[in-house]
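Structural characterization, general
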Amino acid sequence: MSGSRRVLVVGGGGREHALAWKLSREGAEVFVAPGNAGTAAVAQNVPIGASDVPALVAFARDRGIDLTVVGPEAPLVAGIVDAFTAAGLRIFGPTSRAAQLEGSKLFCKQILHRGDVPTAMFQEFRSVATARDFLMAREDMPVVVKADGLAAGKGVFVCDDREAAVAAVETLGSDPQFAAAARGILVEERLDGMEVSVMAITDGRTIVTLPPLQDHKAAHDGDQGPNTGGMGAYCPTPFVDGEMLADIEARILVPTVHALRRAKVPFQGVLYAGLMLTAQGPKVLEFNARFGDPECEALLVRMESRLLDILDAAADRRLDDVEPPVWRPGASVTVVMASEGYPGPVEKGRPIRGLDAAAAIEGVEVFHAATRRGADGGIQNDGGRTLAVTAVGDSLARAKLLAYSAVREIRWPGAWCRKDISDKAAAFEVESAGGAGARP
Ligand code: AMP
Ligand code: GLY
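Residues numbered from 1 in each chain as written. Chains lettered and ligands numbered in written order. Predicted model: local features only at pLDDT ≥ 70, side-chain atom pairs only at ≥ 80, totals over all residues. Heavy atoms only, no water.

**Some points on the site of ligand 2**
Inclusion rule: Residues are counted as near a molecule or strand when any one of their heavy atoms sits within 4 Å of it. Residues adjacent in sequence count toward polar contacts only when both atoms are side-chain atoms; beyond that, a polar contact is any pair of N or O atoms within 3.5 Å, and within protein one must be able to donate a hydrogen and the other to accept it. Residue polarity is assigned by list, with Asp, Glu, Lys and Arg as charged and Ala, Val, Leu, Ile, Met, Phe, Trp, Tyr, Cys and Pro as nonpolar; anything else, Gly included, falls into the polar class.
Around ligand 2 sit Asp 215, Lys 217, Gly 229, Tyr 272, Asn 288, Arg 290, Gly 292, Asp 293, Pro 294 and Glu 295, and that is every residue in its neighbourhood. One of the side-chain nitrogen or oxygen atoms of Glu 295 is found 2.8 Å away from a nitrogen atom of ligand 2. Per-class residue counts for the shell around ligand 2 are two nonpolar, three polar and five charged.

**Some thoughts on the site of ligand 1**
Rules: Only DSSP runs of H or I covering at least 4 residues are called helices, and only runs of E covering at least 2 are called strands; the numbering of each starts at the N terminus.
Taken together, 15 residues sit near ligand 1, with Glu 188, Glu 189, Leu 191, Glu 195 and Glu 286 positioned nearest. Lys 105 is positioned such that a nitrogen or oxygen atom in its side chain is 3.5 Å from an oxygen atom of ligand 1. Between ligand 1 and Glu 286, the relevant distance is 2.9 Å, taken from an oxygen atom to a side-chain nitrogen or oxygen of the residue. Breaking the shell around ligand 1 down by element, the ones donating at least two residues are strand S7 (143-147), strand S8 (156-159), strand S9 (185-189) and strand S17 (281-288). By residue class, the composition of the shell around ligand 1 is seven nonpolar, no polar and eight charged.

**Some remarks on the pattern of salt bridges**
What counts is decided by this rule: Any carboxyl oxygen of Asp or Glu within 4 Å of a side-chain nitrogen of Lys or Arg constitutes a salt bridge here. Each residue is placed in one exposure class: buried if its accessible area under a 1.4 Å probe, protein chains only, is under 20% of its type's maximum, exposed if it is over 50%, and partly exposed if it falls in between.
Scanning the model with the defined rule gives 27 salt bridges in all. Its salt-bridge partner being Glu 26, residue Lys 22 comes within 3.0 Å of it at the nearest N-O pair. For the pair Lys 22 and Glu 26, a shared accessibility class is recorded, and that class is buried. For Arg 190, the salt bridge is made with Asp 160, and the minimal N-O distance between the two is 2.7 Å. In this pair, Arg 190 is assigned in the loop between S9 and strand S10 (194-202) and Asp 160 in the loop between S8 and helix H9 (162-174), connecting sequence segments 30 residues apart. Judged by relative accessible area, which is 29%, Arg 190 ranks as partly exposed. Each of the salt bridges in this network shares a partner with another, and the network as a whole consists of Arg 5, Asp 66, Arg 90, Asp 312, Asp 316 and Arg 318.

**Observations concerning the packing of helix H7 (residues 105-114) against helix H10 (residues 242-262)**
Using the following cut-off: Angles shown run from 0 to 180 degrees and are taken between the N-to-C directions of axes, each axis being a line fitted to C-alpha atoms and, for helices, limited to the stretch in contact. Note that the term roughly parallel is reserved for angles under 35 degrees, roughly antiparallel for angles over 145, roughly perpendicular for angles of 65 to 115, and oblique for everything else. In this analysis, two residues are considered to be in contact whenever any of their non-hydrogen atoms come within 4.5 Å of each other.
At a minimum axis separation of 8 Å, H7 and H10 run at an interaxial angle of 105°. With respect to H10, the axis of H7 lies roughly perpendicular. Contact with H7, carried on its side by Phe 107, Ile 111, Leu 112 and Arg 114, involves Thr 256, Ala 259, Leu 260 and Arg 262 of H10 and no other residues of that element. Of the residues belonging to the contact of H7 with H10, the class tally is five nonpolar, one polar and two charged.

Right, here's the structure in full:
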């Protein structure tokens with residue numbers, strides 16, 4: 001299709017920068033709402049918040065946008081896809097009901113049950129008292145306590161014993177930030193194993209499974225410290241070889257898409273499975289209804305096919321017409337550079353230096369996750385996860401080397417990152433040397 005296609009990307013983080021970067025390279029005229037200082041270099045920023053659905057509908061209509069692509073979950077759950085569709089506008093992403101797969105952990109469990117998809121055993125409670133009674137009456141064992149609704153990644157407590165689980169249930173009941181999310185409480189069996197992310201693009205019937213990745217959710221090296229939105233990712237992860245990916249597609253992704261369709265909640269968009277590779281095989285920890293961040297950054301730098309053609313086909317429910325995407329051989333690594341204080345509050349407005357030198361390194365793309373332009377024209381930090389420094393290489397080791405070379409060029413007061421992104425894979429590859437895993 002011609003370069004006159006107009007695409008609106010909704011969101012303002014590293015994922016949206018990567019989407020805008022890829023789509024603009026494919027010749028589309030890209031707008032990002034609200035975007036950041038990085039998206040302004042590859043697209044036109046629009047000063048509308050990602051959750052201001054009426055203003056986004058009006059913008060898309062007035063500017064003749066051909067396709068809107070939604071990054072974050074909040075506008076999806078709030079019904080942006082329903083509103084665009086009602087206005088006759090094309091949009092890539094699930095409806096509000098389908099986004100409940102991410103927005104409600106109970107809904108997710110119901111769908112998994114209907115599809116006979118492997119996941120942790122769980123019990124559901126409607127009050128703190130009943131959840132506490134259950135924990136007290138039961139054998140003392142590790143569990144995970146979860147609030148049903150969206151809680152910005154904070155409503156999950158991985159507990160070693162009964163005491164911790166009871167404390168978690170009480171926190172959900174008393175902390176005002178969980179008031180809405182904790183109307184339902186889940187107590188889940190705690191699973192052991194390696195965590196991986198597998199995403200697929202679907203139109204509700206056909207699915208296109210994407211290469212597997214591994215995120216790094218803990219703040220500090222060696223998976224220590226508090227949970228974050230993700231401190232780095234790499235692609236592909238050797239923990240999921242071609243055979244296991246086919247198994248995940250057949251036993252997890254396809255049955256989930258079908259269970260949603262049978263429940264009359266067809267899902268169009270990105271189906272993102274957070275999986276635990278247990279001794280009994282891959283099990284679903286959670287589903288998200290969007291691209292992962294920073295997974296999206298590490299994924300798109302390897303994508304050689306046109307993303308816009310796939311998103312268009314998914315939006316038009318004709319994904320079965322599309323050739324499977326082609327991926328650059330080798331690997332990619334994304335290192336998130338964060339500001340001092342993250343995942344807590346951070347001081348904003350600190351000048352960032354060295355971005356050009358980092359971007360000049362061959363194979364490197366510096367995606368902005370939370371930046372803005374200061375009054376002096378310089379780029380400043382504007383949030384916790386600030387940059388998603390991404391590199392491709394012929395091997396994982398090469399991609400890691402390039403990504404960290406770029407990180408070393410960039411500085412601002414208080415900047416920090418994990419130093420061990422992709423190391424689990426490197427250790428695994430050394431261990432299994434000689435038996436190279438199949439790489440999708
Ligand atoms: P969720 O938001 O459900 O993905 O949970 C956030 C994180 O908590 C996951 O990335 C896992 O590290 C951990 N987690 C969630 N559920 C379980 C479980 N059943 N067993 C072990 N860890 C879990
Ligand atoms: N990186 C984890 C997520 O996007 O939810």
